[in-house]
Amino acid sequence: VTKLAPLVLLAALVALYAVGSLRLHRRASRRTRARRALQGAVFLAGALALAVALSPPVDDVADRSVAAHMAQHLVLLVIVPPLLVWSAPLATLVTALPRSLRPVAGRAATWLTGRWIGLAVVIVATELHVGLMIAWHAPPLYAAAQATELTHAFEHVTFLASGLLFWSCITRLARRGASGCAIALGATVAASVQSGLLGILMTLSSMPWYHVSGPAPFGLTPLADQQAAGAEMWVVAGGVYVVAAAVLAAGIVRAPAGQAPELVATDRHEARSSA
Amino acid sequence: MTVVDLEPSARQLGELEQSWRESVGLVGWLTTVDHKRIGLRYMVTAGIFFLLAGLEALALRTQLAQPDERLVSPETYDELFSMHGVTMIFLFATPMLFGFGNYLVPLMIGARDMAFPRLNALTYYVFLASGLLMYAGLVLREAPNDGWFNYAPLSSLQYSPGRNIDYYGLGLIFLGLSSSAGAVNFIVTILKLRAPGMSINRLPLYCWAILATSFTVVFAIPALTAANLLLELDRLYGFRFYDTAHGGDPVLWQHLFWIFGHPDVYIIFLPAVGIVSAIIPVFARRPMVAYSWVVVATVTTAMIGFGVWVHHMFAVGLPQVSMVFFSAASMVIAIPSGIQVFAWIATLLKGRPVLRTPLLYILGFVAVFVIGGLTGVMFAVVPFDQQVTDSYFVVAHFHYVLFGGAVFPIMAGLHYWLPKMSGRMYSERLGQMSFWLVFGGFNLTFFPMHIAGLLGMPRRVYTYPARMGWGAYNLVETIGSYVLALGILAIVVNVVHAWRRGAPAGPDPWGGETLEWTVDSPPPPYNFAILPAVRSPHPAWDASAQPDVPRAAAADDRVLPEGHRTLATGTLAGDAEDVIAMPAESWWPLALAASLLLVFGGLLVGLPVIAVLAAIAALGSLAGWHARDETVGEL
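Residues numbered from 1 in each chain as written. Chains lettered and ligands numbered in written order. Predicted model: local features only at pLDDT ≥ 70, side-chain atom pairs only at ≥ 80, totals over all residues. Heavy atoms only, no water.

## Some words on the overall build of chain A
Heads up, the condition is: By definition, any uninterrupted DSSP run of H or I lasting at least four residues is a helix, any uninterrupted run of E lasting at least two residues is a strand, and each is numbered from the N terminus. Here the term buried applies to any residue with accessible area under 20% of the maximum for its type, exposed to any over 50%, and partly exposed to those in between, with areas from a 1.4 Å probe on protein chains only.
Along the backbone of chain A there are 12 helices and 0 strands. When the helices and strands of chain A are read in sequence order from the N terminus, they spell out α-α-α-α-α-α-α-α-α-α-α-α. Along the first, second and third principal axes, the C-alpha atoms of chain A reach 75 × 50 × 30 Å. Looking at chain A as a whole, 44% of its 275 residues are labelled buried.

## Structural notes on the overall build of chain B
Our working rule: C-alpha atoms define the radius of gyration, and 2.2 Å times the number of residues to the power 0.38 defines the globule rule. Any two residues having at least one pair of non-hydrogen atoms within 4.5 Å are treated as being in contact. Surface accessibility follows the Shrake-Rupley procedure with a 1.4 Å probe radius. Residue values consider only the protein chains on display as shielding. By the counting rule applied here, Lys and Arg register as positive and Asp and Glu as negative, while His and the ends of each chain are not counted. Where a charge lies is defined by one atom per residue type, namely NZ (Lys), CZ (Arg), CG (Asp) and CD (Glu).
Within chain B, the regular secondary structure consists of 20 helices and 4 strands. Taken against the 2.2 N^0.38 rule, which gives 26 Å for 635 residues, the C-alpha radius of gyration of chain B at 25 Å falls within 12% of a compact globule. Taken over the C-alpha atoms alone, chain B extends approximately 80 × 60 × 50 Å along its principal axes. In chain B, which comprises 635 residues, the share counted as buried stands at 60%. Nonlocal contacts in chain B, meaning residues at least 24 apart in sequence, comprise 83% of its contacts between residues at least 6 apart. As displayed, chain B has an accessible area near 23,500 Å², and 69% of this comes from carbon and sulfur atoms. Here chain B contributes 34 positive and 41 negative side-chain charges, whose respective centroids are spaced 6 Å apart.

## Some points on the state of the cysteines
What counts is decided by this rule: Disulfides are defined as cysteine sulfur pairs within 2.5 Å.
Using the criterion set out here, one finds 0 disulfides over all chains in the structure. Take Cys-169 of chain A: it sits in no disulfide, and the sulfur closest to it among the cysteines is that of Cys-181 of chain A, at 14 Å.

## Concerning the pairing of strand S3 (residues 565–569) of chain B
Residues and elements named next belong to chain B. This is how it is decided: Note: two strands are recorded as paired if DSSP finds a minimum of 2 bridges between them.
Most of S3 sits out of view: 5 of its 5 residues are buried. By the bridge criterion, 5 bridges tie S3 to strand S4 (residues 576–581) in an arrangement that is antiparallel. In the strand pairing of S4, Thr-569 is matched with Ala-576. The hairpin formed by S3 and S4 contains 6 residues between the paired strands, and Gly-574 there has a positive phi angle of roughly 75°.

## What about the packing of aromatic side chains?
Residues and elements named next belong to chain B. In plain terms, the rule: For Phe, Tyr and Trp, rings pair up if their centres lie within 6.5 Å, where Trp contributes its six-membered ring, and each pair is then called stacked (planes under 30 degrees apart), edge-to-face (over 60) or tilted (otherwise).
Going through the model one piece at a time under the given rule, you end up with 60 aromatic pairs over all chains. Measuring from ring centre to ring centre gives 4.7 Å for Phe-174 and Phe-600, while their planes differ by 20°; the resulting arrangement is stacked. Of this pair, Phe-174 sits in helix H6 (residues 164–192) while Phe-600 sits in helix H19 (residues 588–604), and the two are 426 residues apart along the sequence. For the pair Phe-174 and Phe-600, a shared accessibility class is recorded, and that class is buried. On the numbers, 4.8 Å between centres and 65° between planes, the contact of Tyr-416 with Trp-417 is edge-to-face. You can call Tyr-416 buried: its relative accessible area is 1%. Among the aromatic residues, those joined into a cluster by ring pairs are Phe-90, Trp-148, Phe-149, Tyr-151, Tyr-242, Trp-253, Phe-257, Trp-258 and Phe-260.

## Quick word on the packing of H19 of chain B against helix H20 (residues 608–626) of chain B
Each pair of packed helices gets described by two things: the angle between the helix axes and the distance between those axes. All names here are of chain B. Definition in use: Here an axis means a line fitted to C-alpha atoms, over the contact stretch when the element is a helix, while the angle between two N-to-C directions is reported on a 0 to 180 degree scale. Geometric relationships in this document are graded by angle, where less than 35 degrees denotes roughly parallel, more than 145 denotes roughly antiparallel, 65 to 115 denotes roughly perpendicular, and other angles denote oblique. Crossing handedness is defined as follows: a turn of the near helix away from the far one that is anticlockwise and smaller than a right angle gives a left-handed crossing, while the clockwise case is right-handed. In this classification, the charged set is Asp, Glu, Lys and Arg, the nonpolar set is Ala, Val, Leu, Ile, Met, Phe, Trp, Tyr, Cys and Pro, and all remaining amino acids, among them Gly, are polar.
With their axes 7 Å apart at the nearest point, H19 and H20 run at an angle of 165° to one another. One element, H19, and the other, H20, form an angle in the roughly antiparallel class. Crossing angle aside, the handedness with which H19 passes H20 is left-handed. On H20, the residues touching Trp-588, Pro-589, Ala-591, Leu-592, Ser-595, Leu-596, Leu-598, Val-599, Gly-602 and Leu-603 of H19 are Pro-608, Ile-610, Ala-611, Ala-614, Ala-615, Ala-617, Ala-618, Gly-620, Ser-621, Leu-622, Gly-624 and Trp-625. Taken together, the residues of the contact of H19 with H20 break down into 17 nonpolar, 5 polar and no charged.

## With respect to the environment of Ser-179 of chain B
Residue and element names in this part refer to chain B. Relative to the helices and strands, Ser-179 is located in helix H6. Here Ser-179 falls in the buried class, since its relative accessible area comes to 12%. Here the alpha-carbon distance between Ser-179 and Gly-405, two residues 226 residues apart in the chain, equals 20 Å. Every residue in contact with Ser-179, bar those within four places of it in the chain, is listed here: Phe-98, Val-217 and Ile-221.

## Structural notes on empty space enclosed by the protein
Residue and element names in this part refer to chain B. Our working rule: Lining residues are those with an atom within 4 Å of a point, where the points come from a 1 Å grid over the protein atoms alone and group into cavities, where a 1.4 Å probe fits but cannot get out, or pockets, open sets with protein on both sides within 12 Å along at least five of seven lines. Grid points are joined across faces, edges and corners, and a volume is the space filled by probe spheres set on the points.
Inspection of every chain in the model, using the stated rule, returns 4 cavities of 30 Å³ or more. Each pocket or cavity is described by its volume, and for the largest cavity that value is around 180 Å³. Forming the walls of the largest cavity are 18 residues, and the residues nearest its centre are Phe-90, Thr-94, Leu-175, Ser-179 and Ile-221. Counting only elements with at least two residues in the lining of the largest cavity, the list comes to helix H4 (74–109), H6, helix H7 (205–237) and helix H8 (250–284).

## Remarks on the pattern of salt bridges
Residue and element names in this part refer to chain B. This is how the line gets drawn: The term salt bridge refers to a pairing of a side-chain nitrogen on Lys or Arg with a carboxyl oxygen on Asp or Glu at a separation within 4 Å.
For the structure on display, the rule yields 12 salt bridges over all chains. For Glu-428, the salt bridge goes to Arg-356, with nearest N and O atoms at 3.1 Å. Here Glu-428, found in helix H15 (residues 428–454), pairs with Arg-356, found in the loop between helix H11 (334–350) and helix H12 (357–379); they are 72 residues apart in sequence, far enough to count as distant. Linking Asp-390 and Arg-459 is a salt bridge whose minimum nitrogen-to-oxygen distance equals 3.7 Å. Of this pair, Asp-390 sits in the loop between helix H13 (382–388) and helix H14 (392–422) while Arg-459 sits in the loop between H15 and helix H16 (471–501); the two residues are 69 residues apart in sequence, bridging distant segments of the chain. Classification of Asp-390 by relative accessible area gives partly exposed; the value is 43%. With relative accessibility at 12%, the residue Arg-459 sits in the buried group.

## Here we look at the nonpolar core
Residues and elements named next belong to chain B. Worth spelling out the cut-off: Among buried residues, those of type Ala, Val, Leu, Ile, Met, Phe, Trp, Tyr and Cys that are joined through side-chain atoms within 4.5 Å constitute a nonpolar core.
Residues Phe-100, Tyr-206, Trp-208 and Trp-417 are the most contacted members of the largest nonpolar core, which totals 249 residues. If you tally residues by element for this core, the top one is H4, at 21 residues. If we skip the residues at most four places from it in the chain, Trp-417 touches Phe-100, Leu-104, Met-108, Ile-275, Ala-278, Glu-516 and Trp-517.

## What about a nonpolar patch on the surface?
Residues and elements named next belong to chain B. We count it as follows: Like-charged residues within 9 Å of one another, or nonpolar side chains (Val, Leu, Ile, Met, Phe, Trp, Tyr) within 5 Å, are grouped into patches, provided each residue has over 30% relative accessible area and no salt bridge.
Taken together, Leu-236, Tyr-237, Phe-239, Phe-241 and Leu-252 make up a surface patch of nonpolar side chains, about 430 Å² in accessible area. By the element assignment, Leu-252 lies in helix H8. The partly exposed category is assigned to Leu-252, whose relative accessible area is 34%.

## Things to note about the side chain of Lys-36 of chain B
Residue and element names in this part refer to chain B. Worth spelling out the cut-off: Between N or O atoms, a polar contact is any pair within 3.5 Å; within protein, one atom must be a potential hydrogen donor and the other a potential acceptor, and residues adjacent in sequence are included only when both atoms are from side chains.
On the secondary structure map, Lys-36 appears in helix H3 (residues 35–64). Its relative accessible area of 6% is what places Lys-36 among the buried residues. Within the structure, the side chain of Lys-36 is placed 2.5 Å from the side chain of Asn-527, a separation counted as a polar contact. Excluding its chain neighbours within four sequence positions, the residues that come into contact with Lys-36 are Tyr-103, Pro-523, Pro-524, Pro-525 and Asn-527.

## A few points about the confidence of the model for chain A
All names here are of chain A. Here is the rule we go by: As a per-residue measure, pLDDT tells how confident the predictor is, with possible values from 0 to 100.
Residue-level pLDDT values for chain A average 86, and 91% of them are 70 or greater. At the level of individual helices and strands, chain A shows its lowest average pLDDT in helix H12 (residues 271–274), which scores 36, and its highest in helix H4 (residues 66–86), which scores 94. Contacts of residues 259–275 to residues separated by more than four positions or lying in other chains number 43 contacts, the stretch itself having pLDDT below 50.

Here you go:
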């Protein structure tokens, strides 16, 4: 039952999104329709990735292989959250609600996407995101998560929630000009270094860390299985962070130049701007 | 809007002269904190190390010219190739590029000095001292002899009982101080001392490259220092970090070394391509194409450089599964490099290129570097890598990457900025001749190495038997190396001649793009009489767009004539924030560097007493350095 519950919830969410999209579609102009179509596609991609990661067959392989389990975790940590956050689905979801609930839900959504992120929030979000990623891969916690369906579900919820928090900080900072992009770039680099460290240790360790039930798939030895998991974490997660860093660096460079300095009121360098 | 050209009054110029004057003679020479003098020193010192390492290479090539040659002994050969590598990587490439950065960054961003002028003096003295320390080994015939990457366990006390390896270990820990401090200085200078209006997206691409490099240095050097610290603890005090028999692991050395070593490729390459991005727009007579793409490529190159060190270790026996990922990651680095190459080519295509010596060297760089990059992508294929590891194919590859990627741009930069640094012009004819000698000699030396490597010739052998059939390739390589040496000699002659009696160059012989071309050649000690304000990424072109404008007297807040002062600006927006006082000349950097030399020298010769006493002296120098300084004065 616990294995199917997340899928049911997800299906309900997608249904809600579909209703909201239809309602908004009728009111929208042609330009906003194109934008909404793109956002909808990204949202669906995120939901689909989440559904695949949590589907029973994938879950079964994940029980037997550290590498497959890591792939599942990476989808929850660095694939689904950026997609969902970027598609900004809250407005659509609120529209799908009955009229009476909309004001409350709308206020909640406004608060969630509000301007409350400062430096402290970004640091906490980054460390939560990476800290949970590292903590759940410590052998005792890894075993605890595998022990019962409930703890496993809890692990996944914390991954997804911390991922959503981190990536929503990044996307919102990215819209705040050069300084926002610079802070987000710092957070992304910090996350990549720390998650890379876990990947490195897992890949280069000479002993298996985890107890895995049953034979590993793909004919891998337990150690090779773990090494593949480490390399996934190092290179795949690292790759996502590098792409994010590239986008943020572009954001820094492309932000409009600062105000003209007061000192130059009578400077010849104004030749261009006045011409 | 009225456009007015500001000019300083005689009083303001006089006060500037007064407050930025340094002592004359030997005292001034030893205590200077002027970034231009320090930058030139870096370049001259690194240039001398380059010539020394070149002579070592000539000795190697002469030994290898024919099979069964007996010119040098195997022991000497080991020392020569190790010192050649160590010198080129640590004592030439990085310090030379730091020298360019030291001279150019403050001028390009419109500042009067580096952010920490005394630290700047210290980094030079530490570089010099560590270089002398390592070369003392060669003079005493006990130089490092385990190759430039000094693998354990060969470098452990058991297999290298002499002092040779200690010169390497201690010398590099010492040098690491200089590189790290220098990098911090660049970061703060670029982020805080830019001219008002130079927002981060108007920062010259050369300074972007130095910024990215400096961040890389700050994160990469600790790995090298850690590796050498563990090695010296093993060697001097009987620790067992790299000793398998006692639970250590020699592969740890390889990991730590390459965690530094791969980013180091970019520490050398990024500032060199920064030079390329500075020169191409000027000689193409148009702004750089895709400025923001080049910046993003620079930043991502620096980041990816940290994630791929394992590809230097494909033949070590690491987990098979993980290699797939590292192989893929290593290929990814071709993307940002490719973006930059295409941006340069597009700039040249869309401009009206003027083919002078600097641009010739740049074109040589593009050709040579692309070949080196191609063989680099081949190495990312694990089976191929395992086939050619430690053969001459590798030697050919990294010379194409490093000579192509660093020496060609450095030579371009040397010819390009020589008029600025000396105030005089080099001979264009001799310059172009030197290019063809260097380019031809280089390819003649290193291209046949690909073939010799594929035929199985291993690197680091002092000779080979005639029946292997490598003789012809090696003879061609040796002839090529002498042609290359002739080219380098032509450059030296050209530079020295220009410096002494070249034709006056004037402030802007090239129609330059960035701020250094708006001041005299050579620039005055305070760089800018009027602190510039910036309106675009091409401030020097803006200034020359309107030559005849009315002149007005500059207010004191644009000149800051009294005291040793410059402007501090916002990190990203580049708006004026503050006026800061800069420290003047001082003996303390020299005293600190000298005490540190004694610390490392004492450890090297096995006299810890000297090291401890020198460490106390170093702390004393630091205290003196930070004592209240009357020359800085109040604002």
